[in-house]
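What the coordinates show
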Amino acid sequence: MAEANPAAPVVIVGAAMGGLRAAESLRRSGYTGAIRVVGEELHAPYNRPPLSKEVLATDVTHEAVAFPSRAEMGDVEWMLGVRATAVDLDAHTLTTDDGNVQEWRALVIATGLRARRLDFAPIAGRHVVRSLDDAMALRAELIPSARVVVVGSGFLGCELSATARKLGCSVTIVTPSAEPMIRPLGDLVAKEMRRRLTEEGVQIFSGVTVAAINGETSVESVELSDGRVIEADVVIESVGSHCNIEWLEGTNLDVSDGVLADNAMRAVTTDGIALDDVYVVGDIARFPNPMFDDVPRRVEHWNIPTDTGKRAGAVLAAHLADDGSFADVVAKPFAPVPSFWSNQFEIKLQAYGLLGLVSDDDIRVLEGDLTDQAAVGYYRDGRLVGVLGIGMKAALLPYRKQIAEGGA
Amino acid sequence: MIKIEVDMNQCQHYGQCVFEAPDNFKLNDDDKLEYVAEAPDSERDNIEAAVDVCPMQAIRIVE
């Protein structure tokens, strides 16, 4: 590999939370050279979770969700509205869709995910919610008495269902799963969530897929795989996501599921080599967390872009400082506690750890009552690897500690 | 001295800040956030981490 030009900037591709945290961390870790952040969206980094909850229920504005800009970030260059199309790891260059080819000294991959779409004609009334612009477009159509079909019953689909219901829409969830949120939560809790959502007036059709979306220019009805037809004005597709890895084609990075990284967030090649000048952060990063085991995983929880961004920034700063500290910084174990929360009606879920690692037999109520407030434990090989609070918060803290110490 | 402000209209009492800066943030027995609005400069890293991890982005440092 050719030597990188030391005068070139660190280029961070992806201007969302992970890219922002990586840039902040580079500065805090003492790197004073040039940083450029390249992002496809025109908006400066913002907080996504409120887009399906609080913000969607009120006014969707950038101001309501923007991350504050820190003083040390003053000289970071933002190149927004530009999409990365190719990268050359030998020449240390990045190509963008405006035709520009730029040099980088080090590269941070933070391009995240995009919403998967159903494969039907693009008519009005079909929505996804990933970006601020998506949420703005949907908000305009969530008027009282609108008939909304939500496809998919993950956290996002269920949150959107609750928000639409609260805005006065009639809401039907269509899902291939047996129960809402069953994959992360397990059967026991998912059944209780179905009971609660149904009680709030959300209709749930499970075990079915969408066969067709009918309507000439805008949505009129949704046809299900079992032949049922649901009249609808709005269809919200929350059917998973794709990793934004197309621009990495032609490199030797392992992009079989997201982008493989080591525990220092260095990108790893298909030959198993970790690159000191290429890093991966956020949803797209598949990395090992010693808290659980040595299996690299992508974790789509809210804290991950921040934790991986900080880690990548610190390691990269040490590499660029070339002051002998690099090996020590890399060797420092990185074991972030995955955490997420979800608000649906008055139900407040909060979780720590990796709930999805365990089978249904290893889930049990630790405290409280599932139909009211509860703490639920998720065990793997007898060890607590996840805890879920339904309405409980402070009670979760000792369990979080127990999960975190499991990796020590 | 660092001055901290929490927008209690935004705060949903998730308690993520409690792990980052336990000297300044805690959840009380009713699962509500309580915080100390001032911290010594030596706590800056922890307070900034608390700002970062707040799901509602309700915490800020008053400069």
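Just above, that's the structure.
This report concerns the structure included in the present document. (Residues numbered from 1 in each chain as written. Chains lettered and ligands numbered in written order. Predicted model: local features only at pLDDT ≥ 70, side-chain atom pairs only at ≥ 80, totals over all residues. Heavy atoms only, no water.)

Brief notes about the overall build of chain A
- A count of helices and strands for chain A gives 10 helices and 27 strands.
- Rg of the C-alpha trace for chain A: 22 Å, near the compact-globule value of 22 Å for 408 residues, within the 12% margin.
- Considered along the principal axes of its C-alpha atoms, chain A spans approximately 60 × 55 × 40 Å.
- A buried classification covers 55% of the 408 residues belonging to chain A.
- Considering only residue pairs separated by 6 or more positions, chain A has 62% of its internal contacts joining residues 24 or more positions apart. (Helix = DSSP H or I, 4+ residues; strand = E, 2+ residues; numbered from the N terminus. Rg over C-alpha atoms; globule rule 2.2 N^0.38 Å. Buried < 20%, exposed > 50% of the residue type's maximum accessible area, 1.4 Å probe, protein only. Contact = heavy atoms within 4.5 Å.)

Observations concerning the side chain of Gln-350 of chain A
- Structurally, Gln-350 of chain A is set in strand S24 (residues 347-353).
- A polar contact is formed between the side chain of Gln-350 of chain A and the side chain of Tyr-352 of chain A, at a distance of 3.2 Å.
- The contacts of Gln-350 of chain A, once residues within four sequence positions are left out, are Phe-340, Trp-341, Val-387, Leu-388, Gly-389, Lys-393 and Leu-396 of chain A together with Tyr-14 and Gln-16 of chain B. (Polar contact = N/O pair within 3.5 Å; in protein donor to acceptor, adjacent residues only side chain to side chain.)

Considering the environment of Val-358 of chain A
All names here are of chain A.
- Here Val-358 shows up in the loop between S24 and strand S25 (363-368).
- C-alpha separation for the pair Val-358 and Trp-341, spaced 17 residues apart in sequence, amounts to 19 Å.
- In this structure Val-358 touches Ile-363, Tyr-378, Tyr-379, Arg-380 and Val-385, once residues within four positions along its chain are discounted.

Details of the pairing of strand S16 (residues 234-237) of chain A
All names here are of chain A.
- Covered by surrounding structure in S16 are Val-234 and Ile-236 together with Val-235 and Glu-237, the residues of both alternating faces.
- Two strands pair when backbone bridges link them, and strand S9 (residues 126-127) and S16 are joined in this way by 2 bridges, in the parallel orientation. Its bridge partner lying in S16, His-127 is registered against Ile-236.
- In terms of strand pairing, strand S10 (residues 147-151) meets S16 through 4 bridges, oriented parallel. Residue pairing across strands places Val-149 opposite Val-235, the latter belonging to S16. (Pairing = 2+ DSSP bridges.)

Some thoughts on the environment of Lys-332 of chain A
- As for its position among the elements, Lys-332 of chain A is in the loop between helix H9 (326-331) and strand S23 (339-344).
- Excluding residues that lie within four positions of it along the chain, Lys-332 of chain A makes contacts with Asn-263 and Arg-311 of chain A.

Structural notes on the packing of aromatic side chains
- Summed over all chains, the structure comprises 6 aromatic pairs over all chains.
- With a centroid separation of 6.2 Å and an interplanar angle of 20°, the aromatic rings of Phe-25 of chain B and Tyr-35 of chain B are classed as stacked. You can see Phe-25 of chain B sitting in strand S2 (residues 25-27) and its partner Tyr-35 of chain B sitting in strand S3 (residues 33-35), a full 10 residues away along the chain.
- On the basis of relative accessibility, which here comes to 30%, the residue Tyr-35 of chain B falls in the partly exposed class.
- Ring-pair connections join several aromatic residues into one group, and the members of that group are Trp-302 and Trp-341 of chain A together with Tyr-14 of chain B.
- Geometry around Tyr-14 of chain B places Lys-393 of chain A over its ring, the cationic atom sitting 5.3 Å from the centre. (Phe/Tyr/Trp six-rings, centres within 6.5 Å; stacked < 30°, edge-to-face > 60°. Lys NZ or Arg CZ within 6 Å of the ring centre and 35° of its normal.)

Considering the sheet that holds strand S5 (residues 59-62) of chain B
All names here are of chain B.
- Strand order across the open sheet formed by 3 strands is S4-S1-S5, with antiparallel pairing between neighbours. Each edge of the sheet is formed by a strand with only one pairing partner; in this case those strands are strand S4 (38-39) and S5.
- Across 4 bridges, the pairing between strand S1 (residues 2-6) and S5 is antiparallel. Directly across from Val-6, in S5, lies its bridge partner Ile-59.
- Packed onto the sheet, helix H2 (residues 44-53) meets S1, S4 and S5 and runs at close to 140° relative to S5. (Axes fitted to C-alpha atoms, helices over the stretch in contact; angles between N-to-C directions.)

Notes on the interface of chain B and chain A
- Taken together, the contacts link 18 residues of chain B with 24 residues of chain A.
- Between chain B and chain A the total buried area reaches about 1800 Å² when both faces are included, carbon and sulfur atoms providing 49% of it.
- When the area that chain B buries against chain A is broken down by residue, the three leading residues are Tyr-14, Phe-19 and Asp-52 of chain B, summing to 35%.
- There are 5 salt bridges connecting chain B and chain A.
- Its salt-bridge partner being Glu-48 of chain B, residue Arg-28 of chain A comes within 3.4 Å of it at the nearest N-O pair. (Buried area = accessible area lost by both parts, 1.4 Å probe. Salt bridge = Lys/Arg side-chain N within 4 Å of Asp/Glu carboxyl O.)

Observations regarding empty space enclosed by the protein
- Going through the model one piece at a time under the given rule, you end up with 2 cavities of 30 Å³ or more.
- Volume-wise, the largest cavity comes out at about 90 Å³.
- Along the walls of the largest cavity sit 14 residues, with Cys-11, Tyr-14, Gly-15, Cys-17 and Cys-54 of chain B positioned nearest its centre.
- Each pocket or cavity is described by its volume, and for the second largest cavity that value is around 50 Å³.
- Considering the residues around the second largest cavity, the lining is formed by Phe-287, Asn-289, Phe-292, Arg-297, Val-299, Ile-304, Pro-338 and Leu-354 of chain A.
- In the lining of the second largest cavity, the residues fall into 6 nonpolar, 1 polar and 1 charged. (1 Å grid on protein atoms, 1.4 Å probe; cavity = no way out; pocket = protein on both sides within 12 Å on 5 of 7 lines; lining within 4 Å. Points joined across faces, edges and corners; volume = space filled by probe spheres on them. Nonpolar A, V, L, I, M, F, W, Y, C, P; charged D, E, K, R; others polar.)

Here we look at the pattern of salt bridges
- The full count for this structure, using the stated rule, is 37 salt bridges over all chains.
- When the shortest N-O distance is used, the salt bridge between Asp-52 of chain B and Arg-70 of chain A registers 2.9 Å. With one member in each of two chains, Asp-52 of chain B in helix H2 and Arg-70 of chain A in the loop between helix H3 (62-65) and strand S3 (77-80) form a pair that bridges those chains. This pair shows no difference in class: Asp-52 of chain B is buried, exactly as Arg-70 of chain A is.

Some remarks on a negative patch on the surface
All names here are of chain A.
- Taken together, the side chains of Asp-360, Asp-361, Asp-362 and Asp-381 present a region of like negative charge at the surface.
- You can see Asp-360 is positioned in the loop between S24 and S25.
- Residue class for Asp-360 comes out partly exposed when judged on its relative accessible area of 45%. (Patch = residues over 30% accessible without salt bridge, like charges linked within 9 Å, V, L, I, M, F, W, Y side chains within 5 Å. Areas by Shrake-Rupley, 256 points an atom, 1.4 Å probe, with all protein chains shown as cover. Lys, Arg positive; Asp, Glu negative; His and termini not counted. Charge placed at Lys NZ, Arg CZ, Asp CG, Glu CD.)

As for helix H8 (residues 303-321) of chain A
All names here are of chain A.
- The terminal C-alpha atoms of H8 lie 27 Å apart, and with 19 residues this matches the ideal 27 Å at 1.5 Å per residue to within 8%.
- Burial analysis of H8 places 14 of its 19 residues in the buried class, which makes it a mostly covered element.
- Where H8 ends, the next residue or the one after it, Asp-322, has phi of about 50°, a positive value. (Expected span 1.5 Å × (residues − 1).)

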